[in-house]
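Summary of the model geometry
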Amino acid sequence: ESIESIKVTSIDGGDLVEGANVRVEAKVWVYGYGDHADFWYAADANLPEWNFAETVNMTVEMQFDTVSTEYILPEGDLQAVRVVFRFGGNATEPCPGGFYDDVDDLAFVVEST
C-alpha cells in the first residue's frame, strides 16, 4: 500500500478560491480489497486541524488506482489535504500509524474571495 501522488483541482477548472468546489485525487498502489483511502483537509496548513472528508474503499487489487473525493474550500490562504492509505481499521484519526499505512500531505495556496 502506498500513495504515489496527490492533486487538488477546481471542479469548474478555475483557480483555487475560497468557497470553490474542488476535487482531490490520489494515485495509490493497491495491495488488496482491504485497503482504504481516507481524505482529510485543513484550512491552515501551518497549524492543521484535520477535517474528515470521505473514505474510499478499494475495488481492485495489486495495481495502481486513482481515487478521489470532493469538498468546498474553506477560508484560508495556505491550506492542506491529507490522504491516509490504510489496510483495515477505521477512519478515526488523520494519522493512524498502522504497520501498512501511508500518510501524505499536500499544501497549496488558495485565493481569497
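Everything that follows concerns the structure shown earlier in this document.
Residues numbered from 1 in each chain as written. Predicted model: local features only at pLDDT ≥ 70, side-chain atom pairs only at ≥ 80, totals over all residues. Heavy atoms only, no water.

**Comments concerning the pattern of salt bridges**
Charged atoms that come close allow side chains of opposite charge to pair. Considering all chains together, one arrives at four salt bridges under this definition. For glutamate 25, the salt bridge goes to lysine 7, with nearest N and O atoms at 3.6 Å. A residue pair is termed long-range when its members are at least 10 positions apart, and glutamate 25 in strand β2 (residues 21-30) and lysine 7 in strand β1 (residues 2-10) qualify at 18 residues. The exposure class of glutamate 25 is partly exposed, given its relative accessible area of 25%. Between arginine 82 and aspartate 105 there is a salt bridge; the shortest N-O distance is 2.6 Å. Of the two residues, arginine 82 sits in strand β6 (residues 78-87) while aspartate 105 sits in strand β7 (residues 102-109), which places them 23 residues apart along the sequence. (Salt bridge = Lys/Arg side-chain N within 4 Å of Asp/Glu carboxyl O. Helix = DSSP H or I, 4+ residues; strand = E, 2+ residues; numbered from the N terminus. Buried < 20%, exposed > 50% of the residue type's maximum accessible area, 1.4 Å probe, protein only.)

**So, the pairing of β2**
Where burial is concerned, the two faces of β2 differ: the one with Val22, Val24, Ala26, Val28 and Val30 is buried and the one with Asn21, Arg23, Glu25, Lys27 and Trp29 is not. Pairing between β1 and β2: eight bridges, direction antiparallel. Paired with serine 10 across the bridge in β2 is valine 22. Pairing of β2 with strand β5 (residues 63-72), which is carried by ten bridges, proceeds in the antiparallel orientation. If you follow asparagine 21 over to β5, its bridge partner there is isoleucine 72. (Pairing = 2+ DSSP bridges.)

**Overview of the sheet that holds β5**
Spatially, β1-β2-β5 is the arrangement adopted by the three strands of the open sheet, whose pairing is antiparallel. The open sheet has two free edges, formed respectively by β1 and β5, since each of these has just one partner strand. Recorded for the sheet is a direction-independent mean angle of 20° between the axes of neighbouring strands. (Axes fitted to C-alpha atoms, helices over the stretch in contact; angles between N-to-C directions.)

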